Amino acid sequence: MRRVRNWFANPWGQPRALGAITWLYMVWSIAPVLIAILFSFNNGRSRSVWQGFSLRWWWRDPNNSVLHDPTLRGALEQSLRLAGLDMLIAVPLGVGLAIGLTRWRGYGAKPVNYLMLFPLVTPEIVMAVSLFLVFDHLYNVPFGTEAQVLGQVTFSISYVVIIVRGRLLSVGPEYEEAARDLGASPLGAFRLALLPLLYPAVFASLIVVFALSIDDFVVTQYMSAGQQTQTVPILIYQTVRGTATPALNALASLMVIVTLLSVGLAYLVYRWASRAQPVTSSGALNEIAALEA
Amino acid sequence: MKNGAVDLVQLRKQFGEVAAVDGIDVSIEAGEFFSLLGPSGCGKTTTLRLIAGFERPDGGKILVDGEDMAATPPHRRKVNTVFQSYALFPHLDVFDNVAFGLRRAHVKKGEIKGRVTRVLEAVQLGGYEKRKPGQLSGGQQQRVALARALVLEPSVLLLDEPLGALDAKLRKALQLELKAIQERFGITFVYVTHDQEEALTMSDRIAVMSGGRVEQIATPEGMYEEPETVFVADFLGVSNLMRVRAEGADGGACLTVLGDFSLRAGRGEIAHQGETHIVIRPERVVIEPYESSGANRVPGMIERVVYHGSSEQLVVRLASGDIVQALFVRDGSSHDWAQGTAVQVHLPAEALRVLPPSSPGEMAAVAEVAPPDSGAALEVGAS
C-alpha cells in the first residue's frame, strides 16, 4: 500500500497524479470518436451492435456507401467547397485587416480592435439569425453556397486577425524599416520583409479557418438552401435520429481523417516556414491551441 | 570633395504634447565620427530616425551635402542605418541579407557577388554566406548588420546603439573595430549611445543631448575637460558638483565661497557672480593628511573606501557638508587611507571649473540621471 502511495505521490519523482488525470481525460474524450469510427466498419446496419468487419459502408455497397450515395457525397463536397472558399477569402482579408489595425495609429484603431472580438463572443445562434435577417432583407444575398461562404467568412476573419496580429506585434516594425532603409519601396518592404515573417501566422490561420468551416453547423444551416447545400454536420444532424446506416459513421470518420491530415500538413508547412525564426517560433501554434481549446 | 556632411537646422519633432526633438542645430562634417550621447528619452534616437527618414520632422531642415532631405522617403536617402536590434531578415541567409540593398538598387548579379564577398571579408565574416541570422552569435549578427549597410557605400551611416546588446568584452573589441572601419571607409558615422565611455572612446565629436535639446557639442577631450553645463558635467560621469556663491574674477581665478571656506576656481566662467556650481574631476582631487595646510583646502572625513583593482576611490564628506569623490591610481606611492580618517581635501584652483548657473529643472534632470554618490564616473577615470 505504501509503495503504491510512494509511486503515485513521490514529491521528488514524476508528477504521476497529473499524468493520470491527463490520460483519463484523453481516453474519455477520444473514446466516442474511436467507437464511431469503429462502427463505420460494421457488417450490419446497426450503429450500436457489432456484427463483424466489413468495408461495405465505405465503398463496397453500390447504393448506400459513402462513395456511392449521392447525398453523402454531396454533403462532403459541399463541406470541402465551403472550407476552401472560406480559407481563400477570409485569410487574405484577415491578414490585411490585421496589418491595418497594428500599423494604423488613428483614433479608431482601439475600438475596432475590441470590435474584432465581437464575433467570437456573440452566441453563434444570435449571429446566424442576424446574418439571416440582413442577407434576406438588406443585401438580398441568395441563400445557398454564396450566403454560406459569406456567413462563414464573417466570423472566420476575427480568428485570422487575432492570430496574425499576435505575430505582427511580436515582429515589430523594425524589419520593414530596415527594408525601407536599404532601398525597398513601401510595397517592397511589405512583400520582402514583412510577409515572409507572417507565413507561420498565415498557415496557422488557414488551418484554423478550415477547422472552423468544417465544424460549423449553426450559421451554415441558416444560410443553406435545401438538399444541394447540405454540409456534413447538417446531414448528420438530420439523419442521425432517422434511418441512419454506418455509412454516416464512415462519413464522419472521413471528416476526422481530412481534418487530422490538414492539421498535420499545416504543422509540417508551419515548421518549414518558421525554421530559423527562433524569436517567435511557437507563437502562432500556441494561438491555434488557445483558439481550438 | 568628400561626401557625407549632415546639417540639422532647427530640427523639431513632436510626439503629441512632448517635443522629442526641440529645435536642434547640429553640423556634422563629412567623414566625421559623430556621437549623439544622452540618457534615454533625450531625443537622440528620434534625431537619428529623422535623419534616416522613419519619422517626419515637424519643422527644420535635414541637409545631407547641402540638400534638404526632410521630404524624401527613407528608401531614396543616401543614408543607411544599423539598428539596435540589427533587424536582420531571419528568413534570408547572410549573403541575401547583405545583398538585399544591392538588389533593390538593381546592381548586376556578378557585381553583387563581388561586393558582398568583399564587405563580408571587411567585417571578418568571409565564409558565413550561407548561415541564417539565427545561427550567428550576437557579435556576428552585429557585423552582418554593419556589412548590410556598408555594402551600399552610403555617404552617411547611422548607428543606433549598435553595441547595446553585447557583453562588455565584445563591446570593447567591436568599439575599436568600428572606429577602424569608419576610418578605412571614410564614411560619416552618426552614432547614438547612452554610454559615455563608448562616446568618449570612439568619437571625433560628441553632442550631449537632454530633453530634446543639445547641451554641448565638443571633442571628447573638450567635453570631459570643459563641460559647459551642470548636466554635461554630471552625465559624463563626474559628480563632484558643489553649489557655491561666486564673487567674480580676482587675478585669473574666480573667488567662490563654499560654506565657511573660500576656494579659487581657475577655469570656466571665472567672471561670474552669484549662486552657481563648481565642478572637479575625481582624479584631480588630492587627499592630504589633516596636518597639511594651504589655499583651496577643505577639511573632511573619509566615509568610504572603494577598491577598484588598479585604482581606488575615496568618498569624502567635506566640512561644508558636500560629498567629494577622489580617484587615484594604486601605484604604490599613495597612502592607505582608512575609513573615518580626518583629512585635508585639496581642490587645486587649476582643476576647479565654474559652471554657468543652471535652471532648477535642469538640476532635477541631473538628479534623475545619477545619484550624487554613484560610482558611474570611475570607469572613465580609471581607463
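Residues numbered from 1 in each chain as written. Chains lettered and ligands numbered in written order. Predicted model: local features only at pLDDT ≥ 70, side-chain atom pairs only at ≥ 80, totals over all residues.

Each helix and strand in chain B was counted, giving 10 helices and 21 strands. Scored against the burial criterion, the 383 residues of chain B give a buried share of 42%. Nonlocal contacts in chain B, meaning residues at least 24 apart in sequence, comprise 68% of its contacts between residues at least 6 apart. (Helix = DSSP H or I, 4+ residues; strand = E, 2+ residues; numbered from the N terminus. Buried ≥ 20, exposed ≤ 12 C-beta atoms within 10 Å, placed from the backbone. Contact = placed C-beta atoms within 7 Å.)

Okay, unusual backbone geometry next. All names here are of chain B. One non-glycine residue, A87, lies in positive phi territory at about 50°. For A87, the position within the fold is in the loop between β6 (79-82) and α2 (94-104). At Q124, a residue that is not glycine, the phi angle is positive and equals roughly 60°. By the secondary structure assignment, Q124 is in the loop between α3 (109-122) and α4 (138-150). Judged by local crowding, Q124 falls into the exposed class, with 12 C-beta atoms found within 10 Å.

Attention now goes to the sheet that holds β6(B). Residue and element names in this part refer to chain B. Reading across from one edge, β6-β7-β8-β3-β9-β10 is the order of the six strands in this open sheet, with mixed pairing throughout. Edge positions in the sheet fall to β6 and β10 (213-218), since each has one partner strand and no second. Geometrically, the sheet is characterised by an average inter-axis angle of 20° between neighbouring strands, direction not taken into account. Pairing between strand β7 (residues 156-160) and strand β8 (residues 188-193): five bridges, direction parallel. Of the residues in β8, the one forming a bridge with D160 is V192. In the packing of α4 onto the sheet, the strands contacted are β6 and β7, and the crossing angle to β6 comes to about 175°. (Pairing = 2+ DSSP bridges. Axes fitted to C-alpha atoms, helices over the stretch in contact; angles between N-to-C directions.)

Residues and elements named next belong to chain B. Buried residues dominate strand β19 (residues 323-329), accounting for five of its seven residues. Strand direction decides the pairing type here: strand β18 (residues 311-318) and β19, joined by seven bridges, are antiparallel. Paired with E312 across the two strands is F328, which belongs to β19. Joining the antiparallel neighbours β18 and β19 is a turn of four residues, in which G321 adopts a positive phi near 105°.

On to the interface of chain A and chain B. Taken together, the 17 residues of chain A in the interface contact 20 residues of chain B. Per-element accounting of the side of chain A that touches chain B gives the leading share, six residues, to helix α9 (residues 174-181) of chain A. The residue inventory of the side of chain A that touches chain B, partitioned by class, reads nine nonpolar, four polar and four charged. (Nonpolar A, V, L, I, M, F, W, Y, C, P; charged D, E, K, R; others polar.)

All names here are of chain A. At a minimum axis distance of 9 Å, the contact between helix α8 (residues 145-171) and helix α10 (residues 186-215) shows a crossing angle of 155°. One element, α8, and the other, α10, form an angle in the roughly antiparallel class. In the crossing of α8 with α10, the sense of the turn from one axis to the other is right-handed. Contacts between α8 and α10 involve Q152, S156, Y159, V160, I163, V164, R167 and V171 from the former and L197, L198, P200, A201, A204, S205, V208, V209, L212 and S213 from the latter. Split into classes, the residues belonging to the contact of α8 with α10 amount to 13 nonpolar, four polar and one charged. (Parallel < 35°, antiparallel > 145°, perpendicular 65-115°, else oblique. Left-handed = near helix turned anticlockwise from the far one by under 90°.)

Residue and element names in this part refer to chain B. Taken in spatial order, the six strands line up as β13-β12-β11-β15-β21-β14 in an open sheet, and their pairing is mixed. The outermost strands of the open sheet, each flanked by one partner alone, are β13 (261-265) and β14 (267-268). As judged from the two bridges shared by β14 and strand β21 (residues 353-354), these two strands associate in the parallel manner. Bridge pairing in β21 links G268 to V354.

Right, let's talk about the nonpolar core for a bit. Core analysis: the biggest nonpolar cluster contains 152 residues, and A:V160, A:V209 and B:V190 have the highest contact counts within it. Looking at which element gives the most residues to this core, the answer is α10(A), with 16 residues. Sequence-distant contacts of A:V209, that is, excluding residues within four places in its chain, are made with A:D86, A:M87, A:A90, A:V91, A:S156, A:Y159 and A:V160. (Core = buried A, V, L, I, M, F, W, Y, C linked by C-beta atoms within 7 Å.)

We now examine the domain arrangement of chain A. Residue and element names in this part refer to chain A. With domains assigned, chain A is organised as domain 1 (2-39) and domain 2 (64-290). With centres defined by C-alpha atoms, the gap from domain 1 to domain 2 works out at 33 Å. In this assembly, four residues from domain 1 lie in contact with five residues from domain 2. Looking at the side of domain 1 that touches domain 2 residue by residue, the class counts come to four nonpolar, no polar and no charged. (Domains from an automatic or database assignment.)

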